[in-house]
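Geometric and topological summary
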Amino acid sequence: AFDAQEFWSPMLVTTAIVSLYYVFLFFQTYTKLYLIGQEKKRRGAGGESNNGPQPGTDWPMTLGLQPYRYHDVDTASIKYGNTRDPLAILGDRTVGNTLEQLVPFLTSLWAYAIFVDPHMTRYTGLLYILTRTAYPFAFWLGSPWILISTIPGYLVIWYHLAATLWAMSTAVATIQ
């Protein structure tokens, strides 16, 4: 019979890391909207736009965000390909690195939980989530600080995989 309590820890870790991923996505979007707003303020202070008039820009601003058009050349360059603003790069790399590591982490976490020890995932998962949470700060500080976030995360993933392979090979050897 399935015991839901047995897998409470890995499910809690899974929920936490997916929630953190969404926080990073929202941060990425906010950085771009902030930069778009800064660009519009710059233009309002004497800067010029090469995209013609911006209809609808006198709308009441909700939550301090200005409306923008995705097809506007300047908006698109900030939102979808900005490599000149450190804040935009920070948002993009935080999301990108989290996404790059999410599949290996969740795969290794659940394999470890199923075949080795679901309760231990509460500790390995917490360590992993803490290192992910540190990523934007470490990225901002640069090298070697980024290693404080990335290396422990890699070690957690490889620990999960190695322990799972060991448990599986031991089980297979015992059966034979």
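This structure is a prediction, so every number in the text was calculated from the model and none was measured. (Residues numbered from 1 in each chain as written. Predicted model: local features only at pLDDT ≥ 70, side-chain atom pairs only at ≥ 80, totals over all residues. Heavy atoms only, no water.)

**A word on the overall build of the chain**
What counts, and what does not: We count a stretch as a helix when DSSP gives it H or I for four or more residues in a row; a strand needs E for two or more, and each element gets its number in order from the N terminus. Burial status follows relative accessibility: with a 1.4 Å probe on protein chains alone, a residue under 20% of its type maximum counts as buried, one over 50% as exposed, and anything between as partly exposed. By definition in these notes, contact holds between two residues if any of their heavy atoms fall within 4.5 Å. All accessible-area figures derive from a Shrake-Rupley calculation using a 1.4 Å probe, and residue coverage is judged against the displayed protein chains alone.
Assigned secondary structure in the chain consists of five helices and zero strands. Burial statistics for the chain: of 176 residues in total, 34% are counted as buried. A separation of at least 24 residues holds for 72% of the contacts in the chain among residues at least 6 apart in sequence. For the chain, the exposed surface amounts to about 10,900 Å²; the carbon and sulfur share of it is 69%.

**Focus on the confidence of the model for the chain**
Caution applies to low-pLDDT parts of the model: their predicted coordinates are not meant to be read in detail. Condition: Note: pLDDT gives the predictor's confidence per residue, expressed from 0 to 100.
For the chain, mean pLDDT is 83; residues scoring 70 or higher make up 78% of the total. Within the chain, the element-level pLDDT minimum falls on helix 2 (residues 73–81), averaging 64, and the maximum on helix 4 (residues 121–141), averaging 95. Contacts from residues 50–64, a stretch scored under 50 in pLDDT, to residues over four places away or in other chains number 15 contacts.

**So, the nonpolar core**
Let me state the cut-off plainly: Residues enter a nonpolar core if they are buried and are Ala, Val, Leu, Ile, Met, Phe, Trp, Tyr or Cys, with the set joined through side-chain atoms within 4.5 Å.
Grouped together as the largest cluster of nonpolar side chains are 13 residues, with contacts concentrated most on V13, I17, L20, F105, Y128 and I129. At the level of secondary structure, the elements contributing two or more residues to this core comprise helix 1 (8–44), helix 3 (86–115), helix 4 and helix 5 (146–175). It is helix 1 that contributes the most residues to this core, five residues altogether. Ignoring any residue separated from it by four or fewer positions in sequence, one finds I129 in contact with V13, A16, I17 and L20.

**Quick notes on helix 4**
For the α-helix, the turn length of 3.6 residues means that residues three or four positions removed from each other point alike. Under the convention used in this document: Multiplying 1.5 Å by the residue count of a helix minus one yields the expected span of that helix. The seven residues ending at a residue and the seven starting there each receive a fitted axis; the angle between those axes is the bend at that residue.
Taking 1.5 Å per residue as the helical rise, helix 4 with its 21 residues ought to reach 30 Å, and the 29 Å between its terminal C-alpha atoms agrees with that figure. At Y135, helix 4 shows its largest bend, some 45 degrees, and a proline, P136, comes one to four positions later. What helix 4 keeps buried is the set T121, T124, G125, Y128, I129, T131, R132, Y135, P136 and A138.

**What about the environment of E39?**
Heads up, the condition is: We call two N or O atoms a polar contact when they sit within 3.5 Å, provided that within protein one can donate a hydrogen and the other can accept it, with sequence-adjacent residues counted only if both atoms are side-chain atoms.
Relative to the helices and strands, E39 resides in helix 1. Among the polar contacts made by the side chain of E39, one reaches the side chain of R42 at a distance of 2.5 Å.

**Some thoughts on the pattern of salt bridges**
Put simply, the rule is: Any Lys or Arg side-chain nitrogen found within 4 Å of a carboxyl oxygen on Asp or Glu counts as a salt bridge.
One pass over the full model with this rule turns up three salt bridges. Salt-bridge contacts for K32 lead to D92; the nearest nitrogen and oxygen are separated by 2.9 Å. Within this pair, whereas K32 is found in helix 1, its partner D92 is found in helix 3, the two being separated by 60 residues in sequence. On the basis of relative accessible area, K32 is assigned to the buried category, the value being 2%. On the accessibility criterion, D92 (25% relative accessible area) is partly exposed.

**Digging into a nonpolar patch on the surface**
The condition is simple: Surface patches are drawn from residues lacking salt bridges whose relative accessible area is over 30%; two like charges belong together within 9 Å, two nonpolar side chains (Val, Leu, Ile, Met, Phe, Trp, Tyr) within 5 Å.
On the surface, L147, I151, Y154, L155 and W158 cluster together into a nonpolar patch covering about 530 Å² of accessible area. Turning to its location among the elements, I151 is positioned in helix 5. On the basis of relative accessibility, which here comes to 39%, the residue I151 falls in the partly exposed class.

**Overview of helix 3**
With 30 residues, helix 3 extends 43 Å between its outermost C-alpha atoms, agreeing within 8% with the 44 Å of an ideal straight helix rising 1.5 Å per residue. A maximum bend of about 35 degrees is found in helix 3 at L102, where proline P104 lies one to four positions downstream.

**Observations concerning the packing of aromatic side chains**
Defined as follows: We call Phe, Tyr and Trp rings a pair once their centres come within 6.5 Å, taking the six-membered ring for Trp, and we label the pair stacked below 30 degrees between planes, edge-to-face above 60, and tilted otherwise.
Following the criterion strictly, the structure yields seven aromatic pairs and no others. Seen in terms of ring centroids, Y21 and Y22 are 5.8 Å apart; in terms of plane orientation they differ by 70 degrees. Their pairing is edge-to-face. By relative accessible area, Y21 is classed as buried at 14%. Arranged with centres 5.8 Å apart and planes meeting at 25 degrees, the rings of Y135 and F139 form a pair that is stacked. On the criterion of helical spacing, the pair formed by Y135 and F139 is a turn pair, its members being four residues apart in helix 4. Judged by its relative accessible area of 3%, Y135 is buried. Overall, F139 belongs to the partly exposed group, its relative accessible area being 27%.

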